[in-house]
Amino acid sequence: MIRSRVSAKSRMRLPSARATALPIPAPVGPTEASPSPSVGSFGLSTSAFSFSRIDVDVRQYLGLFDGRRVFALRGLASTTSVDDEDQIPFYLMPSLGGNDTLRGFRALRFRGPHRLLLQGEYRWDVWSGLEAALFVDAGKVAVRRSELDLRNLETNWGFGFRF
């Protein structure tokens, strides 16, 4: 039998999470579904573990040729604050990698208390029900907020299809 030692302090401080999301409408260009102008959203979320985190996810869709071709742009930034004595649980740190972020890297490849992601995609209809896309992603995670800049970004690019 394997026994693990758990200190009295850790038993008393069971994590309790609270998250809120605040969508803020902002006028943007065409969406994925419609080439006409629509409303985008700006997300703000915080968690009341022993740290707080703010995520800002901004997306812009620019339709061309009656919406048959689209430039999709995305900017994502996350930052966390923690007291000197506390730490952010590894599994709750902002991450990059996988199908939605830094697509050329495996899921959750990069983790850190702060992250920055920039994505660009050019989409077009090949046939009805089949869409092709060229994309480029660039991003990084950082230990200190001051390191969250546009230098030394991890990058990838690719080509894909959507049904």
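Quantities reported herein were computed from a predicted structural model and do not represent experimental measurements.

Novice: Residues and numbers for the sheet that holds strand S5 (residues 51–64), please.
Specialist: By definition, the strands of a sheet pair up through backbone hydrogen bonds, in either a parallel or an antiparallel sense. Judged by pairing direction, the sheet is antiparallel, and its 5 strands sit side by side in the order S5-S6-S9-S10-S11 without closing on themselves. The open sheet has two edge strands with one neighbour each: S5 and strand S11 (154–162). Taken over all neighbouring pairs, the strand axes of this sheet differ in orientation by 15° on average, direction set aside.

Novice: Pulling in residues and values, what's your account of the pattern of salt bridges?
Specialist: Under the definition given, this model contains 12 salt bridges. Residues Asp137 and Arg103 are paired through a salt bridge, measuring 2.8 Å at the closest nitrogen-oxygen approach. With a gap of 34 residues between them, Asp137 in strand S10 (residues 130–142) and Arg103 in the loop between strand S7 (95–96) and strand S8 (110–111) connect regions that are remote in the sequence. On the accessibility criterion, Arg103 (23% relative accessible area) is partly exposed. The partner of Glu147 in a salt bridge is Arg144, and the shortest N-O contact between them spans 3.0 Å. Accessibility expressed as a relative area gives 27% for Glu147, which makes it partly exposed. With a relative accessible area of 52%, Arg144 lands in the exposed category. Each of Arg103, Glu121, Arg123, Glu131, Asp137 and Arg162 takes part in a single network of salt bridges with overlapping partners.

Conventions used here
Residues numbered from 1 in each chain as written. Predicted model: local features only at pLDDT ≥ 70, side-chain atom pairs only at ≥ 80, totals over all residues. Heavy atoms only, no water. Pairing = 2+ DSSP bridges. Helix = DSSP H or I, 4+ residues; strand = E, 2+ residues; numbered from the N terminus. Axes fitted to C-alpha atoms, helices over the stretch in contact; angles between N-to-C directions. Salt bridge = Lys/Arg side-chain N within 4 Å of Asp/Glu carboxyl O. Buried < 20%, exposed > 50% of the residue type's maximum accessible area, 1.4 Å probe, protein only.

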